[in-house]
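Structural overview for review
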Amino acid sequence: MATRSGHDVRDFALVAGGGAGPVHSAFIADLLHMPQVVIPPIAATYSAFGMFAMDVGRNFARSYIARVSDIDTDRVNGLYREMEQEAIDGFAAIGVDAADVTFSRTADVRYVGQFHEVEVGVPDGNIDSEAIDRAVEGFHGRHEQLYTFNMPWQKVELLTFRLRATTPKAPFEMRRIETGGPDSSAAIKRTRSAWFDGEYVDTTVYDGALLKAGNQFHGPAMIEEATTTVVVPSRYSVRVDEYRNYVMTRDATPAGVPEEAAAQAGGAA
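A brief report on the enclosed structure follows.

With that settled, consider the pattern of salt bridges. Tallied over the full model, the rule gives 13 salt bridges. A salt bridge links Asp8 to Arg10; the nearest nitrogen and oxygen atoms lie 2.9 Å apart. A single salt-bridge network, built from bridges that share partners, covers Lys189, Arg190, Arg192 and Glu224.

Take the sheet that holds strand β7 (residues 188-196) next. Ordered in space as β7-β8-β10-β11, the four strands form an open sheet in which the pairing is mixed. Each end of this open sheet is capped by a strand with a single partner; those strands are β7 and β11 (229-232). Here the average twist between neighbouring strands, direction ignored, is 25°. Two strands pair when backbone bridges link them, and strand β8 (residues 199-207) and strand β10 (residues 221-224) are joined in this way by four bridges, in the parallel orientation. Residue pairing for β10: Tyr206 is matched across the bridge by Ile223. Against the sheet, helix α1 (residues 21-31) makes contact with β7 and β11, and its axis sits at roughly 20° relative to β11, the strand it touches most.

Cut-off values and rules
- Residues numbered from 1 in each chain as written.
- Predicted model: local features only at pLDDT ≥ 70, side-chain atom pairs only at ≥ 80, totals over all residues.
- Heavy atoms only, no water.
- Salt bridge = Lys/Arg side-chain N within 4 Å of Asp/Glu carboxyl O.
- Pairing = 2+ DSSP bridges.
- Helix = DSSP H or I, 4+ residues; strand = E, 2+ residues; numbered from the N terminus.
- Axes fitted to C-alpha atoms, helices over the stretch in contact; angles between N-to-C directions.
- Contact = heavy atoms within 4.5 Å.

Written out as structure tokens, the structure is:
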């Protein structure tokens, strides 16, 4: 998906989520020649934390299928007013004032005869023919972003009008951990034999709860947490930041050896 969108994954860091993500994320990054992997402290509860951190919101939708040339803008305005009122009433029931509710409008749009549709933004305020034209213009642009082409000469139709209503969640802060130096030896639990690069290797195992901000070490290694295990391959080093993110950095390819050749040599080994 990244390549199809014109992005080179080697320009990005890989963020691992899920309880099993930290086990194999660095190996995936190594295969893709990605330079960094970030293991957040909430990796094992990544989805749940996302829901906790999100603003409180509700989504509304009304179907109204019409070609741009035939659309009734009064009807569209009526649909958005109806959804906005429904949102205000729903938030009022949980004690949220209408002034604290923010609205975001979108619509599902497609070319006539097309099987799939694209969700695009719809301007706030009164919807008139100019607002519809702006939404259609956004559709052409978004279609090209997603599928590398658009067809501005083709007729366009709108299918579903959507409203997202949100209110800010109470602010919170991620807890900083104690600062230490690069030496991470105080967090070592034991050494165990583990399978890396086709052979058993004596591998240092760290207690994640004892690691401090600024600690650094090189793979192969493991970090045992209460809810996950971070596996550090031999090509990666680890730095612990102030929020207990484990930032793994891939070693540079040896001087004079092309990246592709190094990758092939590693695979052969």
